[in-house]
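In case you want the letters, here they are:
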There are 2 protein chains.
Amino acid sequence: MRIGELAARTGVSVRSLRYYEEQGLLVSTRSGGGQRHYTEDDIDRVDFIQRLYVAGLSSRTIMELMPCRDAPSDENSDSALERMAQERDRLSTHIKELLHTRDSLDGLIAAARADRDGRRTAA
Amino acid sequence: MRIGELAARTGVSVRSLRYYEEQGLLVSTRSGGGQRHYTEDDIDRVDFIQRLYVAGLSSRTIMELMPCRDAPSDENSDSALERMAQERDRLSTHIKELLHTRDSLDGLIAAARADRDGRRTAA
DNA sequence: CTTGCATCTCACATTGATGTCAGGTTTTAG
DNA sequence: CTAAAACCTGACATCAATGTGAGATGCAAG
């Protein structure tokens, strides 16, 4: 498929797909005229990339993780594996922080609601 | 306390504290010479702001939430309350995504480890 | 063949929080 | 009183992903 279709099917902009390629995260074959062509597999790949972006990883970091996904049996993926475990931990920590923040919000919301209802009852 | 101490005690840079004030998130009293002075309470306030930043909220959004924290009994905090509930939900969704991503990473890590150990045993 | 839509490259703009530098003023310690 | 350290404002830099626009080319359908 061409880039437009991949964009449509992943929900990622054409611009971003080209950027991913520029960063070495995504590879395409070129038609005679120079247009990018992708396979079905690339959809999953883009989804994965997106997920990591959402998780706050930089394209540089994602690049370091890719060998682990592409060639798990490759010798030099040992460092990628270590890197991935490290990022997993970072993510875990981040999730914990977010849960804490959510608790804070819940506390504020509950307090505000109670206060509001109190006022309403009093009025 | 002055800005340097607040920075030291919150782990937020002096530059950022000034920026928070510029965005209306933080208020300071000024000494005769124009230097900012803060109270102990401001430490919690800055911590709260930081937490929301980490949760991905923009300073604009944080500003909309502040009335709910500062004056929960204020009439016009109803909209802030609603906004806060909305952000809480957004955060929940985000956390769910991150958990999903962490699962993906766990899967890849497990696969890579299994593969590596398989190779080692075979070798 | 022609017309129109998709794609190409290249380059510059944007956003948001923060860093950094410069030149001047305030505060504090000796 | 004086020197050092902290602070002030203002402006410009940065980073990373993405938007956007121009000008040129590829490709598919009539």
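Residues numbered from 1 in each chain as written. Chains lettered and ligands numbered in written order. Predicted model: local features only at pLDDT ≥ 70, side-chain atom pairs only at ≥ 80, totals over all residues. Heavy atoms only, no water.

Asks: Just checking my understanding: could you explain the overall build of chain A for this structure?
Replies: Assigned secondary structure in chain A consists of five helices and two strands. When the helices and strands of chain A are placed in sequence order, the string is α-α-β-β-α-α-α. Compactness check: chain A gives a C-alpha radius of gyration of 22 Å against a globular reference of 14 Å for 123 residues, more than 25% above the reference. Its C-alpha atoms put chain A at 75 × 35 × 20 Å along the principal axes. (Helix = DSSP H or I, 4+ residues; strand = E, 2+ residues; numbered from the N terminus. Rg over C-alpha atoms; globule rule 2.2 N^0.38 Å.)

Asks: Please explain the protein's contact with DNA strand C as it appears in this structure.
Replies: Lining the immediate surroundings of DNA strand C are 21 residues, of which A:Gly4, A:Arg36, B:Ser13, B:Tyr19 and B:Ser59 lie closest. Near the protein, meaning within 4 Å, the atoms of DNA strand C are sugar or phosphate in a fraction of 79%, with bases accounting for the rest. At 3.2 Å from a phosphate oxygen of DNA strand C is found a side-chain nitrogen or oxygen belonging to A:Arg30. Side-chain polar atom of B:Arg15 to a base oxygen of DNA strand C: 3.2 Å apart, as the coordinates give it. (Near = heavy atom within 4 Å. Polar contact = N/O pair within 3.5 Å; in protein donor to acceptor, adjacent residues only side chain to side chain.)

Asks: How do you make sense of the relation of the copies chain A and chain B when you look at a structure like this?
Replies: Put simply, the second copy of the chain is the first one after a rotation about an axis and a shift along it. Overlaying chain A with chain B gives an RMSD of 0.1 Å, the required rotation being 180° about an axis along which the chain moves by 0.0 Å. As the rotation angle and translation indicate, the two copies are arranged about a two-fold axis. The rotation axis passes nearest to the C-alpha of A:Ile95 in chain A, at a distance of 3.3 Å. The overlap is high: 100% of the interface residues of chain A also sit at the interface in chain B, so the same surface is used on both sides. (Least-squares fit on C-alpha atoms with pLDDT ≥ 70 in both. Contact = heavy atoms within 4.5 Å.)

Asks: Looking at this model, I keep getting lost on the packing of helix α3 (residues 41-54) of chain A against helix α4 (residues 59-70) of chain A. Mind explaining?
Replies: Angle between the axes and distance between the axes: these two values describe a pair of packed helices. All names here are of chain A. Two elements in contact, α3 and α4, have axes separated by 11 Å at closest approach and are oriented at 135°. Relative to α4, α3 is oriented oblique. Crossing hand, α3 versus α4: right-handed. Contacts from Asp44, Arg45, Phe48, Ile49, Leu52 and Tyr53 of α3 reach α4 at Ser59, Ile62, Leu65, Met66, Arg69 and Asp70. A per-class count over the contact of α3 with α4 returns seven nonpolar, one polar and four charged. (Axes fitted to C-alpha atoms, helices over the stretch in contact; angles between N-to-C directions. Parallel < 35°, antiparallel > 145°, perpendicular 65-115°, else oblique. Left-handed = near helix turned anticlockwise from the far one by under 90°. Nonpolar A, V, L, I, M, F, W, Y, C, P; charged D, E, K, R; others polar.)

Asks: Just to check I follow, could you spell out the interface of chain A and chain B for this structure?
Replies: The extent of an interface is frequently quoted as the accessible surface area lost upon association of the parts. With 36 residues of chain A in contact, the opposing surface of chain B contributes 36 residues. With both sides pooled, the region where chain A packs onto chain B buries about 3,500 Å², and carbon together with sulfur makes up 70% of that total. Counting across the chain A and chain B interface gives two salt bridges. On the surface where chain A and chain B come into contact, there are eight residue pairs in polar contact (both at pLDDT 80 or more). Looking at the side of chain A that touches chain B, the elements with two or more residues in it are α3, α4 and α5 (77-122) of chain A. Here the side of chain A that touches chain B takes 25 residues from α5(A), the largest share from any one element. Partitioning the side of chain A that touches chain B into residue classes produces 17 nonpolar, six polar and 13 charged. (Buried area = accessible area lost by both parts, 1.4 Å probe. Salt bridge = Lys/Arg side-chain N within 4 Å of Asp/Glu carboxyl O.)

These values are about where atoms sit, not about what they do.
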